[in-house]
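Below, each chain spelled out in residue letters.
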Amino acid sequence: DLHRATNITNDLADNDNDEWIESCESYYSIADIGLSGSVFIAAKSSANPTNLADTGANCCMTPNLTSLHSIELLREPITVGVAVKGDKDPTYSQCTHVGSLPVLCDDGSHIHTRCFYNPFASDTIISPQAIIDATNDFHSWKQTGRKFGMPGTLEFVGTTFTKTITLHQHNGLYYCSAG
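From a predicted model like this one, the values you see are computed outputs, not experimental measurements. (Residues numbered from 1 in each chain as written. Predicted model: local features only at pLDDT ≥ 70, side-chain atom pairs only at ≥ 80, totals over all residues. Heavy atoms only, no water.)

Visitor: Mind showing me how you'd approach the nonpolar core here?
Guide: In globular proteins that are soluble, nonpolar side chains generally tend to be buried together. Formed by 19 residues in total, the largest nonpolar core has its most connected members in Phe156, Ile165 and Leu167. Elements supplying a minimum of two residues to this core: β6 (94-104), β7 (110-117), α3 (128-133), β10 (152-157), β11 (162-170) and β12 (173-177). The biggest single contributor to this core is β7, with three residues. Among all residues touching phenylalanine 156, those that are not within four sequence positions of it are Ile111, Pro128, Ile131, Ile132, Phe138, Ser140, Trp141, Phe161, Thr162, Lys163 and Ile165. (Core = buried A, V, L, I, M, F, W, Y, C linked by side-chain atoms within 4.5 Å. Buried < 20%, exposed > 50% of the residue type's maximum accessible area, 1.4 Å probe, protein only. Helix = DSSP H or I, 4+ residues; strand = E, 2+ residues; numbered from the N terminus. Contact = heavy atoms within 4.5 Å.)

Here you go:
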């Protein structure tokens, strides 16, 4: 609810997170911000969504079908048991489509990666390992985090080039801009 979201936003702002709050407010509708347990979550508006860089994920997944290109319906839905929002049984959550997700790099180019659509996904999740496994362009990846909420980076390394993505930290998680 709006009152609760405002209190959360004020609490975060009081803790010297003004920069993150400003970027959050540009990506999220303030009325959509909520708290589940001790984890801060925000339901994205359709404008300028962000992607969670998840080094432990084995695939890319999004709750936003409109962010995908070349979308195909899966012959059989794939059940997902983690990274889902709400209090439903996690086995209820299923990926129903697959498409190409453009991930914006710092140089303005995009890395296009296979991404599954799941309307119950908690966020758009970017898996660096899934990206390099799906292409011959890159042979390794590296994520760098920093203290005090400073931006980090996600780098995809190829034989003759490196693509870098700036990451913004919130609650120990790193997010990048959508493409």
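Still to come is the rest of the account.
Visitor: Can you help me understand the pairing of β6 in this one?
Guide: Look at any regular strand and the pattern is simple: side chains alternate between the two faces of the sheet. One ladder, built from five bridges, connects strand β5 (residues 69-79) with β6; its direction is antiparallel. Paired with threonine 79 across the bridge in β6 is glutamine 94. Where β6 and β7 come together, eight bridges link them in antiparallel fashion. In the strand pairing of β7, leucine 101 is matched with threonine 113. The hairpin formed by β6 and β7 contains five residues between the paired strands, and glycine 108 there has a positive phi angle of roughly 90 degrees. (Pairing = 2+ DSSP bridges.)

Visitor: Would you mind going over the pattern of salt bridges with me for this structure?
Guide: A side chain with one charge may pair with a side chain of the opposite charge, provided their charged atoms come close. In the structure shown here, the tally under the stated rule is two salt bridges. One salt bridge in this structure joins aspartate 107 and lysine 163, with 2.8 Å as the shortest N-O distance. Taken together, the residues span a long stretch of sequence, with aspartate 107 in the loop between β6 and β7 and lysine 163 in strand β11 at a distance of 56 residues. Residue classification places aspartate 107 among the exposed positions, given a relative accessible area of 51%. (Salt bridge = Lys/Arg side-chain N within 4 Å of Asp/Glu carboxyl O.)

Visitor: Any chance you could explain unusual backbone geometry here in plain terms?
Guide: Peptide bonds are mostly trans, and most non-glycine residues show a negative phi. In the Ramachandran plot, serine 70 falls in the positive-phi region, its phi being about 50 degrees despite a non-glycine side chain. Note that serine 70 resides in strand β5. Among the residues examined, serine 70 registers a relative accessible area of 63% and is labelled exposed. Non-glycine residue asparagine 171 carries a positive phi angle of around 55 degrees. Along the chain, asparagine 171 falls in the loop between β11 and β12.

Visitor: Please clarify how the side chain of serine 127 should be interpreted in this entry.
Guide: For serine 127, the position within the fold is in the loop between β8 (124-126) and α3. A polar contact is formed between the side chain of serine 127 and the backbone oxygen of alanine 57, at a distance of 2.7 Å. Each residue touching serine 127, except ones within four places of it in the same chain, is listed here: Asp54, Ala57, Asn58, Cys59 and Cys60. (Polar contact = N/O pair within 3.5 Å; in protein donor to acceptor, adjacent residues only side chain to side chain.)

Visitor: Sorry, what's going on with the side chain of asparagine 51 here?
Guide: Structurally, the position occupied by asparagine 51 is in strand β3 (residues 50-53). Asparagine 51 gets classed as buried once you look at its relative accessible area, which sits at 2%. In contact with asparagine 51, other than residues within four places in its own chain, are Thr124, Ile126, Tyr174, Tyr175, Cys176, Ser177 and Ala178.

Visitor: Honestly, the environment of glycine 99 in this entry has me stumped. Any pointers?
Guide: Assignment of secondary structure puts glycine 99 in strand β6. Judged by relative accessible area, which is 8%, glycine 99 ranks as buried. Along the sequence, glycine 99 and phenylalanine 116 sit 17 residues apart, while their C-alpha atoms lie 6.4 Å from each other. When sequence neighbours within four positions are dropped, the list of residues in contact with glycine 99 reads Leu68, His69, Ser70, Ile71, Thr113, Arg114 and Cys115.

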